[in-house]
Amino acid sequence: MPTPYRYVTPVPVDAATGRVAEVYRQIARDFGMTRMPLFLTLSPAPDVLAATWALLRESLLVGEAPRAAKEIVAAGVSLANECPFCVDAHTVLLHATGEHRLAETIARGERPPDPEHARLFDWATATATAATGGGRTPPCPPEQAAEHIGTALAFHFINRMVSSLLTADLLPAGLQRSRLVRRLGGGALSRAVRRRPPRGEALPLLRGLPAYREPGWAAGAPMGAAFAALLACAREGAALLDDEAVEAVLEAVAVWDGGHPPLSGWPSGPLADVAPARRPAARLALLAALAPYRVTDADVAAWRETGRGRSDADLVRLLAFGAISAVERVEAGLTATA
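Notes on the structure follow. (Residues numbered from 1 in each chain as written. Predicted model: local features only at pLDDT ≥ 70, side-chain atom pairs only at ≥ 80, totals over all residues. Heavy atoms only, no water.)

## Section: the side chain of Asn81
Using the following cut-off: Counting from the N terminus, the helices are the DSSP runs of H or I reaching at least four residues and the strands are the DSSP runs of E reaching at least two. Throughout this description, a polar contact denotes any pair of N or O atoms lying within 3.5 Å of each other; where both atoms belong to protein, one of them has to be capable of donating a hydrogen while the other can accept it, and for residues adjacent in sequence the pair is counted only when both atoms sit in side chains. Here, two residues are considered to be in contact whenever any of their heavy atoms come within 4.5 Å of each other.
On the secondary structure map, Asn81 appears in the loop between α4 (67-80) and α5 (84-96). A distance of 2.9 Å separates a polar atom in the side chain of Asn81 from a polar atom in the side chain of Asn159. Contacts of Asn81, omitting those with residues within four sequence positions, involve Phe155, His156, Asn159, Arg160, His260 and Tyr293.

What follows is the structure, given as structure tokens:
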């Protein structure tokens, strides 16, 4: 039977131990799903898995902002990043909140008719251009702003990992494209979605992980600690590149305008000064940052060949480094105005 996993073999739920098992347990309890492909595909790198889940949980699932509003943000970011897997997932989750017409509007890629929802959708879809002036304070009560920023940044990272590592289909044969299936799927998740879990329960998963600065927009909040852990863990993927390759990736991200790179001559141009043997790794990191939907079998095969059979954990960490580089650029733009 086909699976959505492209390049890694996930740790099975019934075979997981330690940090991975605890992440799976929390996902089942708080998301209402025993198997979520995104988190399964991150499981070869338990540190990245735990930090990603912690940020998602502490921004999207808990707090004061309405869950439907945060699902609009998640879906809007995913549309901007051309991540159909995540758009479909959050359409189903909008159905789970009871917002059926809103869910189908977003499934069509359309702007919501409700003015409040439309403002939030517009903000979410503009976050990719935050570093070049597209970002602004989320259109919500001030006490909810951090939750929306955290949700947006979580999905800028998640979209990149999903697009790199999973197929576009949330369900076999693309069944999620059926309106009936989306609505039925939402109904199955409605009880979990309407539950408001307590803050901070993901933080024990971060014990022993490297840490970075807590962001000013969420300092002292559980999502701030989760974001700091994700920054630190994902940045460690730079160790899989040499200094020249890291510099090339970061320089390309630094001049990124938030748009989608050209199809011709990219990313060869930004990587021209990287040694040929190092380019496959640099190419994967840069694709993950700015065009993850362009990662191909050939890209991954070339990297594995030059690295003498690099592990699944290495692949997750390399892509995470690229993804977090773009997320940091988005964050800098958003929080300059937040």
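## Some details on the packing of aromatic side chains
This is how it is decided: Any Phe, Tyr or Trp ring, taking Trp's six-membered ring, that has another such ring centre within 6.5 Å forms a pair; planes under 30 degrees apart are called stacked, those over 60 apart edge-to-face, and the others tilted. Three exposure classes are used, based on accessible area relative to the maximum for each residue type with a 1.4 Å probe and protein chains only: buried under 20%, partly exposed in between, and exposed over 50%.
What the rule picks out here adds up to three aromatic pairs. An angle of 45° between the planes, with centres 6.4 Å apart, marks the rings of Phe31 and Trp53 as tilted. You can see Phe31 sitting in helix α1 (residues 18-31) and its partner Trp53 sitting in helix α3 (residues 46-61), a full 22 residues away along the chain. Residue classification places Phe31 among the buried positions, given a relative accessible area of 3%. Given the relative accessible area of 0%, Trp53 is considered buried. The interplanar angle of 90° and the centroid separation of 5.6 Å between the aromatic rings of Phe39 and Trp53 together place this pair among those described as edge-to-face. With Phe39 in helix α2 (residues 37-42) and Trp53 in helix α3, this pair connects stretches of sequence that are 14 residues apart. As far as burial versus exposure is concerned, Phe39 and Trp53 are alike and both buried.

## Regarding the side chain of Lys70
If you trace the backbone, Lys70 turns up in helix α4. Of note is the side chain of Lys70, whose polar atom sits 2.8 Å from the backbone oxygen of Ser59. In contact with Lys70, other than residues within four places in its own chain, are Ser59, Leu60, Leu61, Val62, Gly63, Ala65, Glu147, His148 and Thr151.

## Remarks on the pattern of salt bridges
Filter applied, for reference: Salt bridge, as used here, is a side-chain nitrogen of Lys or Arg placed within 4 Å of a carboxyl oxygen of Asp or Glu.
Summed over the entire model, instances satisfying the criterion amount to 19 salt bridges. The partner of Arg111 in a salt bridge is Asp122, with the nearest N and O atoms 2.7 Å apart. Here Arg111, found in the loop between α6 (100-107) and α7 (115-126), pairs with Asp122, found in helix α7; they are 11 residues apart in sequence, far enough to count as distant. Arg310 is paired through a salt bridge with Asp314; the nearest N and O atoms lie 4.0 Å apart. Judged by relative accessible area, Arg310 falls into the partly exposed class, the value being 29%.

## Examining the state of the cysteines
Rule in force here: When the sulfur atoms of two cysteines come within 2.5 Å, that pair is taken as a disulfide.
Per the counting criterion, the structure on display carries zero disulfides. Here Cys83 is not cross-linked by a disulfide; its sulfur's nearest cysteine counterpart is in Cys86, at 3.3 Å. We classify Cys83 as buried; its relative accessible area is 1%.

## Details of the packing of α5 against helix α8 (residues 145-165)
Packed helix pairs are specified by the crossing angle of their axes together with the interaxial distance, meaning the distance between the axes. Applicable threshold: Interaxial angles span 0 to 180 degrees and are taken between N-to-C directions of axes, which are lines fitted to C-alpha atoms, for helices over the stretch in contact. Just so you know how the angles are binned, under 35 degrees is roughly parallel, over 145 roughly antiparallel, 65 to 115 roughly perpendicular, and the rest oblique. Gly is placed with the polar residues, together with every amino acid not listed as nonpolar (Ala, Val, Leu, Ile, Met, Phe, Trp, Tyr, Cys and Pro) or charged (Asp, Glu, Lys and Arg).
Where α5 contacts α8, the axes come no closer than 8 Å and their chain directions differ by 120°. With respect to α8, the element α5 is oriented oblique. Note on element contacts: α8 touches α5 through Phe155, Ile158, Asn159 and Val162, opposite Phe85, Cys86 and His90. Residues that form the contact of α5 with α8 fall into these classes: five nonpolar, two polar and no charged.

## With respect to helix α12 (residues 279-290)
Counted only if it meets this: The span you would expect from a helix comes to 1.5 Å times its residue count less one.
Taking 1.5 Å of rise per residue, the 12 residues of α12 would be expected to cover 16 Å, and the 16 Å separating its terminal C-alpha atoms lies within 8% of that figure. Burial analysis of α12 places 10 of its 12 residues in the buried class, the great majority of the element. By the burial criterion, the buried members of α12 are Pro280, Ala281, Ala282, Leu284, Ala285, Leu286, Leu287, Ala288, Ala289 and Leu290.

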